[in-house]
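# Coordinates in review
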Amino acid sequence: LAIDGSAPQLLKYTAVCHAWRSFLLSTPLFWTTFTLYGRKAAPVWRRWSPAKLAAWEARASTTGFKRLTINCDVPARVEAFYTHFSPSSWSTLDELCLVLDEHIPFLPPGALANLTALTTLRVAFRHREVGEPGADSLEFVPGEKLQTLEVEGNLKGARFPHARNLRTLIFRNPVRVTSAAFVIHDALAQYASSLEKLSLISCHATHSSTRWGTLEP
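Anyway, here's the lowdown on the structure attached to this text. Everything quoted here is computed from the prediction, not taken from an experiment.

This part takes up the pattern of salt bridges. In total, this model carries 6 salt bridges according to the counting rule given. One salt bridge in this structure joins Arg122 and Glu95, with 3.1 Å as the shortest N-O distance. Highlighted residues: Arg122 in strand β4 (residues 120-125) and Glu95 in strand β3 (residues 95-100), separated in sequence by 27 residues. Under the relative-accessibility criterion, Glu95 is labelled buried at 14%. The residue Arg122 makes a salt bridge to Glu150 at a minimum N-O spacing of 2.6 Å. Here Arg122, found in strand β4, pairs with Glu150, found in strand β5 (residues 148-154); they are 28 residues apart in sequence, far enough to count as distant. On the basis of relative accessible area, Glu150 is assigned to the buried category, the value being 0%. Among the ionic contacts, a cluster of salt bridges with common partners joins Arg67, Glu95, Arg122, Glu150 and Arg172.

Structure representation (structure tokens):
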């Protein structure tokens, strides 16, 4: 079950009756997914607060967070979220989805080393300026358990995780086709011994409409 951690649906279910509330609050499985979503152009923000995040982490305490999605184009909000996201929560993540607009930090210091349980990584690079942390940061993602890697956008300077067991590699809407071809060629050579599926997808999505889950191949 995947629940949007910034949306009110699950909390509404806790208000149905005492039995439902007790069951939901005592079942960590319902609280293992968290989404930070917000676009400057969006009419309504899905708000989060340090208190909400702390409560969500506490409810998922026995299993920890399994899936985290960050799709926000306001750097201050992302940086604030990183500040309050518990360091130990990175180590339990099974899937991480990042939509990185201009000036959005890749990950906070120390987070990369803790992503030891990660099996799926999806990253979209949007409107990145020269010199900003970008696809080259992927190299430092722990790859011991990584099996699925999906990358969207500008692949300039891309270096990929050292993942000896990578099974699925997806490139979506690669920018700068000529340079992207060389990057893809190098990635294939790097993962040749383990790769089972390669997908090259061009769906021409706009940056404001990209939502992981609706763009599955």
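Following the structure, the description resumes.
Time to look at the pairing of β3. By the criterion of burial, β3 is predominantly enclosed, with 6 of the 6 residues buried. Going residue by residue along β3, you find Glu95, Cys97 and Val99 tucked away on one face and Leu96, Leu98 and Leu100 tucked away on the opposite face as well. Two elements, strand β2 (residues 67-72) and β3, share 5 bridges in a ladder whose sense is parallel. Bridge pairing links Arg67 to Glu95 in β3. By the bridge criterion, 6 bridges tie β3 to β4 in an arrangement that is parallel. Bridging from a neighbouring strand, Leu100 pairs with Phe125 of β4.

What counts, and at which threshold
- Residues numbered from 1 in each chain as written.
- Predicted model: local features only at pLDDT ≥ 70, side-chain atom pairs only at ≥ 80, totals over all residues.
- Heavy atoms only, no water.
- Salt bridge = Lys/Arg side-chain N within 4 Å of Asp/Glu carboxyl O.
- Helix = DSSP H or I, 4+ residues; strand = E, 2+ residues; numbered from the N terminus.
- Buried < 20%, exposed > 50% of the residue type's maximum accessible area, 1.4 Å probe, protein only.
- Pairing = 2+ DSSP bridges.

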